[in-house]
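Summary of structural features
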Amino acid sequence: MARPYVVLNAAMTLDGKIATVAGDSRISCEEDLDRVHRLRASVDAVMVGVGTVLADDPSLTVRRTRGKNPMRVVVDSLAKTPRGAKVLDGSAQTIVAVSRRAPRRNVEKLRAMGARVIVGGDKEVDLPMLLERLYALGVRKLLLEGGSTLNWGMLRQGLVDEVRVAVAPRIVGGEAARTLVGGEGFAKVSDGVEIELKNVGRVGADLLLTYRVKGWRGA
Ligand SMILES: NC(=O)c1ccc[n+]([C@@H]2O[C@H](COP(=O)([O-])OP(=O)(O)OC[C@H]3O[C@@H](n4cnc5c(N)ncnc54)[C@H](OP(=O)(O)O)[C@@H]3O)[C@@H](O)[C@H]2O)c1
């Protein structure tokens, strides 16, 4: 199956959280935000789960550097993306990927807002199908910007090639706070996704770790 090259990027605290218990996800330092915007300008599309749209209302555009806005992709089984969401503001092309369970009325509303709707999957969005469709639309490099649940869905199915994590010098705790990867999780460490450290750097006050995904036994 031809699919885009996928880079998962996130900012997390030293204790692995990508948001606090209250949902505050402003973890990156200014320099790291600049880096993320440069990264966005270098990809064809940027993708998030609907949980991130509902929690953060990101615009996913390039604002802190020059460059073109990538296509925006929201993974949203039930087409719940609110009409007022910034991803539907028309400043870049937006695709909402929904499952066959999505109420037709919601889908029509999204289309009326100018979004392209891709349908696939009985319960959740069929991610391999979505990546194949994106590839057919010309997407060769895709930036996955979370959140926790979508990161799991993508990693579990072997759909991530590279992981870049900015580790902020903060510890926020909280059992309910979202971590880099959520979902069901693997029972054994040896079943986990194997990654290889490629680079260690500093971005402002943050530590930037870059890994190549080697695979895992389920791949
Ligand atoms: N620090 C960072 O870098 C960063 C970046 C992004 C997000 N965040 C934080 O992460 C949190 C949101 O994470 P989240 O886990 O709640 O939501 P999420 O990962 O953004 O979205 C997950 C949702 O996507 C939908 N989905 C549809 N098909 C799926 C599939 N095949 N696999 C996985 N998900 C699928 C599901 O909702 P439906 O069933 O309704 O479709 C699922 O609940 C927020 O607090 C946000 O601030 C932090």
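Refer to the structure above for everything that follows.
Keep in mind that this is a model prediction, so the values were computed, not measured.

Now for helix H5 (residues 148-156). Along an α-helix, residues three or four apart share an orientation, since each turn contains 3.6 residues. H5 sits mainly inside the fold: seven of its nine residues count as buried. Each element contacted by the buried residues of H5 is listed here: strand S1 (5-13), strand S2 (45-49), strand S3 (71-75), helix H4 (127-136) and strand S6 (141-144). Gly-158 lies just past H5 and shows a positive phi near 70°.

Let us now look at the site of the ligand. In the neighbourhood of the ligand, 25 residues make up the surrounding shell, with Ala-11, Thr-52, Asp-56, Ser-77 and Thr-149 lying closest. Here an oxygen atom of the ligand and a backbone polar atom of Gly-49 are 3.3 Å apart. Between the ligand and Leu-150 there is a distance of 2.9 Å, counted from an oxygen atom to a backbone nitrogen or oxygen. If the ligand stood free it would expose 930 Å²; the protein chains cover 86% of that surface. Going through the elements one at a time, S1, helix H2 (50-56) and H5 are the ones with two or more residues in the shell around the ligand. Of the residues forming the shell around the ligand, the biggest block, five residues, is contributed by H2. Of the residues in the shell around the ligand, the class split is 10 nonpolar, nine polar and six charged.

Looking along the chain, the bond that leaves Gly-146 and enters Gly-147 is cis, with omega of 0°. You can see Gly-147 is positioned in the loop between S6 and H5. The backbone phi angle of Asp-57 is positive, close to 45°, even though this residue is not glycine. With respect to the helices and strands, Asp-57 occurs in the loop between H2 and S3. In this structure Asp-57 comes out as partly exposed when scored by relative accessible area, which is 26%. Phi is positive for Leu-60, which is not a glycine, with a value near 60°. Topologically, Leu-60 is positioned in the loop between H2 and S3. Leu-60 sits in the buried class, given a relative accessible area of 2%.

Our next topic: the pairing of S3. Counting buried positions along S3 gives five out of five residues, so the element sits mostly inside the fold. Where burial is concerned, the two faces of S3 agree: the one with Met-71, Val-73 and Val-75 and the one with Arg-72 and Val-74 are both buried. Note that S2 and S3 share five bridges and pair parallel. If you follow Met-47 over to S3, its bridge partner there is Val-73. Assessed by its sense of winding, the connection that carries the chain from S2 through H2 to S3 is right-handed.

Turning to the pattern of salt bridges, a few remarks are in order. The full count for this structure, using the stated rule, is 11 salt bridges. Glu-30 serves as the salt-bridge partner of Arg-64, at 2.6 Å between the closest nitrogen and oxygen. Within this pair, whereas Arg-64 is found in the loop between H2 and S3, its partner Glu-30 is found in helix H1 (residues 30-41), the two being separated by 34 residues in sequence. One salt bridge connects Asp-89 with Arg-72, and the closest N-O pair in it is separated by 2.9 Å. Remark: Arg-72 occurs in strand S3 and Asp-89 occurs in the loop between S3 and strand S4 (94-98); sequence separation between them is 17 residues. Owing to a relative accessible area of 44%, Asp-89 belongs among the partly exposed residues under this scheme.

Criteria and cut-off values
- Residues numbered from 1 in each chain as written.
- Predicted model: local features only at pLDDT ≥ 70, side-chain atom pairs only at ≥ 80, totals over all residues.
- Heavy atoms only, no water.
- Buried < 20%, exposed > 50% of the residue type's maximum accessible area, 1.4 Å probe, protein only.
- Helix = DSSP H or I, 4+ residues; strand = E, 2+ residues; numbered from the N terminus.
- Contact = heavy atoms within 4.5 Å.
- Near = heavy atom within 4 Å.
- Polar contact = N/O pair within 3.5 Å; in protein donor to acceptor, adjacent residues only side chain to side chain.
- Areas by Shrake-Rupley, 256 points an atom, 1.4 Å probe, with all protein chains shown as cover.
- Nonpolar A, V, L, I, M, F, W, Y, C, P; charged D, E, K, R; others polar.
- Pairing = 2+ DSSP bridges.
- Right-handed = clockwise from strand over helix to strand, strands pointing away.
- Salt bridge = Lys/Arg side-chain N within 4 Å of Asp/Glu carboxyl O.

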